[in-house]
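# Notes for the structure review
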Amino acid sequence: MTSTRFRCLGPLEVWDGDRWVSPGGSKVRGVLAALLVRAGQNVSVDHLVHELWGDAPPASCRTLVRGYVMSLRRLLDDRGAEVVQSRHGGYRLNVGRDAVDATCFEDLCDEGVRLRARGDSDGASPLLRRALSLWRGPVLADVPVTPSTAAYAGGLDERRLAALVWRMEDDLERGRPEELVQELMGLVAEHPYREDLAVLLVRALHLAGRRPEALKFFADHRRLLREDLGVDPGPELCGVHQQVLLDERRPVWQGRIPAQTPPCLPDFTGREKEIEHWTAVLTADDSRALRTIAISGRAGVGKTTLAVQLAHRLRRNYPDGQLYADFTGQTTSGAVLGQFLRALGVPGPAVPEPLTERIQLYRSLLADRRVLVLADNAEVEAQVRAVQPGAAGCAVLVTSRKRLLGLESAYFADLDVLEPGAALDLFARIVTAGRVREEPGAALEIVGLCGQLPLAVRIAGARAATRPGWRLSAVAEELRDETSRLDRLRAGDLDVRAAIGTSYAGLDREQRRLFRLLGLLDVPDFPAWTAAALTGAPERVADDRLLSLVDARLVDEIGPDLGGRPRFRLHDLIRIFARHRAEREDDADTREAALSRVFGGWLLLAERADELLPARTVAALRPAAPRWRPAAAESAVSDPFAWFEVERQVLAALVRQSAATGETGYAWGLAAAAQTFYELRDASEGIRTHRLALAACRAAGDRLGEAVILRNLADLHSGKSGAVLDDKIEWADASLRIFRELGEPRGVADALYLCGDAHRLRGDYERALSRLQESVEIARSCGYPLGELHVLQQFSSIDSERGRYDEALGHARQAMVIVEELASPRDECVVRALLGMICKRLGRFDEGAEQLRQAVEVARSFADPLMEAQMLAHLGQLYADRGHPDARRTLERALAASSACHYEHGQAVALHGLGLLESEEGRHGQSVTRLLAAADLWERLQNAYGRARTLGALGEVYARGGDLAAARRTLAEARREYRQLDNEAEAARLDALSRSLGDPSDGR
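Definitions and cut-offs
- Residues numbered from 1 in each chain as written.
- Predicted model: local features only at pLDDT ≥ 70, side-chain atom pairs only at ≥ 80, totals over all residues.
- Heavy atoms only, no water.
- Helix = DSSP H or I, 4+ residues; strand = E, 2+ residues; numbered from the N terminus.
- Buried < 20%, exposed > 50% of the residue type's maximum accessible area, 1.4 Å probe, protein only.
- Contact = heavy atoms within 4.5 Å.
- Areas by Shrake-Rupley, 256 points an atom, 1.4 Å probe, with all protein chains shown as cover.
- Pairing = 2+ DSSP bridges.
- Patch = residues over 30% accessible without salt bridge, like charges linked within 9 Å, V, L, I, M, F, W, Y side chains within 5 Å.
- Salt bridge = Lys/Arg side-chain N within 4 Å of Asp/Glu carboxyl O.
- Expected span 1.5 Å × (residues − 1).

## Overview of the overall build of the protein chain
Across its full length, the protein chain carries 48 helices and 16 strands. When the backbone C-alpha atoms are referred to their principal axes, the protein chain occupies close to 130 × 75 × 60 Å. Looking at the protein chain as a whole, 56% of its 1004 residues are labelled buried. Summarising the internal contacts of the protein chain: among those between residues at least 6 apart in sequence, 67% fall at separations of at least 24. With an accessible surface of roughly 41,900 Å², the protein chain has 50% of that area assigned to carbon and sulfur atoms.

## Details of the pairing of strand E9 (residues 372-376)
Most of E9 is tucked away, with 5 of its 5 residues classed as buried. Side chains of E9 alternate between two faces, with Leu372, Leu374 and Asp376 and Val373 and Ala375 buried alike. Two strands pair when backbone bridges link them, and strand E8 (residues 322-326) and E9 are joined in this way by 5 bridges, in the parallel orientation. Note on E9: the bridge partner recorded for glutamine 322 is leucine 372. Direction of pairing for E9 relative to strand E10 (residues 395-400): parallel, over a ladder of 4 bridges. Paired with valine 373 across the bridge in E10 is valine 396.

## Side note on a nonpolar patch on the surface
Judged by side-chain polarity, Tyr193, Leu229 and Val231 come together as a nonpolar surface patch covering roughly 270 Å² of accessible area. Here valine 231 is to be found in the loop between helix H10 (211-228) and helix H11 (235-245). Among the residues examined, valine 231 registers a relative accessible area of 39% and is labelled partly exposed.

## Quick look at the side chain of glutamate 478
Mapped onto the fold, glutamate 478 is located in helix H21 (residues 472-480). If near-sequence neighbours (up to four positions away) are discounted, glutamate 478 is found in contact with Arg463, Arg467, Trp470, Ser484 and Arg488.

## Overview of helix H47 (residues 964-980)
With 17 residues, H47 ought to run about 24 Å at 1.5 Å a step, and its terminal C-alpha atoms sit 24 Å apart, in line with that. Residues of H47 that are buried include every one of Ala966, Ala967, Thr970, Leu971, Ala972, Ala974, Arg975, Glu977 and Tyr978, and no others. On its buried face, H47 sits against helix H46 (944-961) and helix H48 (984-996).

In structure tokens form, the structure reads like this:
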């Protein structure tokens, strides 16, 4: 843009740098006028020709236009080509809005109108007077009139007249009626049918003490309207006339029905339930008291949009008017009441100065009326109380970022972000439904990245709508980067960062510090003690500051957790804002110390909760990272399962964040502290979290952390879907090497036991026993009874799988002695299951059933669903062998529970038992289906003994069903499996069965 300026509110003039000059001939002025009317747009030569000559241009018209343009450029000296640019068969006037007096006039009027709407007459008056001072005469007074210049001038004349009316209203309110009478008489003579001018003239005459003239003018004006137009004066003029008749220099209600509510947004969506509910409240047939609805919510959530929509829908229910005030910034209750009183017809001089008198007059005017008041962006209750009418027939809608809990008898509505579907609908209304249908995934991602915040969705939609050639996936890609997301969520005066910044600016110093530090956390939600850990303040003080952030709607309180304690969260965009502020305002040491305290608090609680769990599968090896102790640490984890359930997503997020920030000790410490819970509830989640910690340990060279995580990964391997035995062996061997290197005996014992367990499952008993024997010797030497217990369980399992039931029973009884010493419920279940299965194979069914029933009860009492499913499966198998009436019910429960836990080992045991039961009940086909499914699971789990047992049972079922070929083939495979397991007794039994079927082989 250039410094060239133009004036068209009067004769057309150009500033030449020293003075205002008139362009040369009328045609040059015509060209300039045509370009000014469309400043900043391309104007074709054809349009210029039509403007200059109409429908009869000369043959050389286009050449003449070029000449006029050259003359205009010469007038502008060396700036001519820059200001009057050639563009695509035409020309473009390249000037800013502040370079043309007409657009300056429009901008000043717009700002003045905005201030008047807020009740700021003192701010609006000088702007409107300055705007009017730009006028020097008729628009383009020395330019020949054309259709486009006539329309341009007409629009400006109308705006000038509106500005004059506003200025004269201000003069009346300031007590200068006599000065206005003459000016108004001239304007009324020029515009005889304009009622707003007639109203002002009657008021001015009356307030100037010229009552008879006011009455005579009204009579003359009424006669003019009837004779010329066949109509009577409108209600406002009649109301002023009534005022004059009564000689009252105060407002009369009939004079004005205010309608100040802002316009509705055409793409409003997603709040239908709220609209329906609050419409019912505000239209209920109950006139006993004023109804006030206080809508609160974070910045950008759509409070004003909802209130405006509601106000428009209630227009017929409140026929006496709607008043609107925006309390943003420095707007006072007194200023708002002044605006309201003037809107109700009170002349400026009659508006009392004291606030209490304004309130009294306001309530008097609204007595026995039905008016809806919308108080937008209220900060405190006092602002709302001042504008609450006294009449029961009125209603007040309030919007505020804070919960204005002090408002007496108010209804409170907390507005949250849109549901994903509603947010997507809003986005589609802005960018068009067709683009959303083409890329539904990208559209859903965009509204997700906006956190379903209506303001953010609206801005993202507006940016996408202005770039119709862009793919929505490209818009989503822009928003994925958190460092620039808030920069992208800005369009014109819509700005997410600015909206959040307004709330941030209203906090005190310590509240702002807490808010910034909360933004450092990458967790989905957090407990109250986090505030104290981040800031180092006493918990009671930090709690108060945290609740102040809730009141400011910068932090959400999301209700009590399973333990009844409140939890909190930050909306994603607010968290990004807070983090950006922390990076700017808090040094790196402060940020690192805050995070370290928070990580330390969660680590301490996780370790304490882990200690209270009813199981321990490996030794608790902890990092040296500092801990931070919350005040109520013991009560917080009194129910360890509930605590881990509440914090499981948080712990995974903390492992990711501590790993990413180089806090490796916290990364592996948190993962390790949750390992037992993962084992009991969700091994797959535990493996994912441990893998993150493992990568961090290896990157940082933390050998102890690496060994612990590798050992835990091997332990988390279980009979669940997707478990691969090779992984368990690899992890256990790797941890064993590091533990030996570090000289950590309990870690070595655990790793050897896990190696032995994996080899046992594969049927490699020689290698398994070698590892297990070394493990038990180390465990006994370092006083590690848990390690000894686990090896004894393994010894008992191997003896049992080999058919050596007396030895298996002895090891199981030794294990039970240690279980009783350690009071470990899960290990008690394991040992009782071993005893129950051994007793069954020894023919002691009642004793075995009792052991398994006790195991089920122990698992159930300690809320261990995985172990309960396994115990039920073993009990059901025993029942099936004995023909017990509860066999089917028990096995079906075991199968359902194992499936719910994705526990394939339990499923295989239950399916095996159901297969035997179906066979006993004569359902051969169903029996085969069950057993084949069980065999497939055992193969996937690489469990050699389980597969051998199921194949043996399947062979017997085939034989009973008469399918001798399938029976021989299956029994032969089972015999091979048993011989590899060194279980000659079972292999011999299957040999005998095969020979009885006429198998020609010798069984080998």
